[in-house]
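Chain by chain, the residues run as shown.
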Amino acid sequence: MFESIKRKIDDQNKDNDPKDMSFDFKLMFVYHIAMMILFGLRPISNPLHQVYLAITLILALILVSFFNKLKSNWSWPGLSFSSIPSITLNLVFTYLFLAFASYAMTTGGNFPDVSLADLESLLIESWEVILKAASNPVFTPWYLAGIGIAFMNSMVSLKLATLKKSEFEAQCSNS
């Protein structure tokens, strides 16, 4: 039984060669390394300045990615039917993750009672808790890293970015 599970996992992972990592995926790592430096070394202590840095970095990386796509004669493959639900679920799960983490950090894990009848007030309250936790300069880079993951997942869902080099090359007209 374990041998068949191991074989199945090996088959799934045989295509996960680091050499097949797309340029966009490498750029995401650049972003996350910058967030780790912000988190660990704290060269910027103002949370708003940390956000400005993250926005500037994301815009610069998008520009680098854009020029790479131009150079490679990349063409957008278009949206698929599964793109919209995928993006929606990505954003919902990211929000839930950040909300649960925020409640754990700021209220000691005292989570509110979840009631779909009062969903609007729950969203307002959880947003305030997220902002409170994210405004702590120690945790701001952590939130920015999570938002970076959600952004990359959204770009992959929109097929504006790929995770694998081979997938990117298949979208280029000169391949």
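Residues numbered from 1 in each chain as written. Predicted model: local features only at pLDDT ≥ 70, side-chain atom pairs only at ≥ 80, totals over all residues. Heavy atoms only, no water.

(A) The overall build of the protein chain, seen in detail. A tally of regular secondary structure across the protein chain gives 7 helices and 0 strands. Principal axes of the C-alpha set define a box for the protein chain whose edges measure 50 × 45 × 35 Å. When each of the 175 residues of the protein chain is scored for burial, the buried share is 30%. Restricting the contact set of the protein chain to residue pairs at least 6 apart, pairs at least 24 apart contribute 77%. (Helix = DSSP H or I, 4+ residues; strand = E, 2+ residues; numbered from the N terminus. Buried < 20%, exposed > 50% of the residue type's maximum accessible area, 1.4 Å probe, protein only. Contact = heavy atoms within 4.5 Å.)

(B) The side chain of T162, seen in detail. In this fold, T162 is placed in the loop between α6 (140–157) and α7 (165–170). On the accessibility criterion, T162 (1% relative accessible area) is buried. Apart from the residues lying within four places of it in its own chain, the contact partners of T162 are S22, D24, F25, M152, E167, F168 and Q171.

(C) Just helix α5 (residues 119–134), in detail. The terminal C-alpha atoms of α5 lie 22 Å apart, and with 16 residues this matches the ideal 22 Å at 1.5 Å per residue to within 8%. Every buried residue of α5 is listed here: L122, S126, V129, I130, A133 and A134. For α5, the angular spread of the buried residues around the axis is 125°, confining them to a single face. Exposed residues lying more than 90 degrees from the buried face of α5 are E120, E128 and K132. Elements in contact with the buried residues of α5: α3 (47–71), α4 (83–106) and α6. (Expected span 1.5 Å × (residues − 1). Arc of directions from axis to C-beta.)

(D) Structural view of the packing of aromatic side chains. On inspection of all chains with the given rule, the structure shows 5 aromatic pairs. A ring pair is formed by F66 and F67, whose centres lie 5.7 Å apart and whose planes are at 65°; its orientation type is edge-to-face. An aromatic cluster of at least three residues, connected via ring pairs, comprises F97, W142 and Y143. Against the face of W74 rests K69, its NZ or CZ located 5.3 Å from the ring centre. (Phe/Tyr/Trp six-rings, centres within 6.5 Å; stacked < 30°, edge-to-face > 60°. Lys NZ or Arg CZ within 6 Å of the ring centre and 35° of its normal.)

(E) Inspection of the environment of N136 at higher detail. By secondary structure assignment, the location of N136 is in the loop between α5 and α6. Spatially, the C-alpha atom of N136 lies 8.7 Å from that of N46, the residues being 90 residues apart in sequence.

Nothing here speaks to function; it is geometry throughout.
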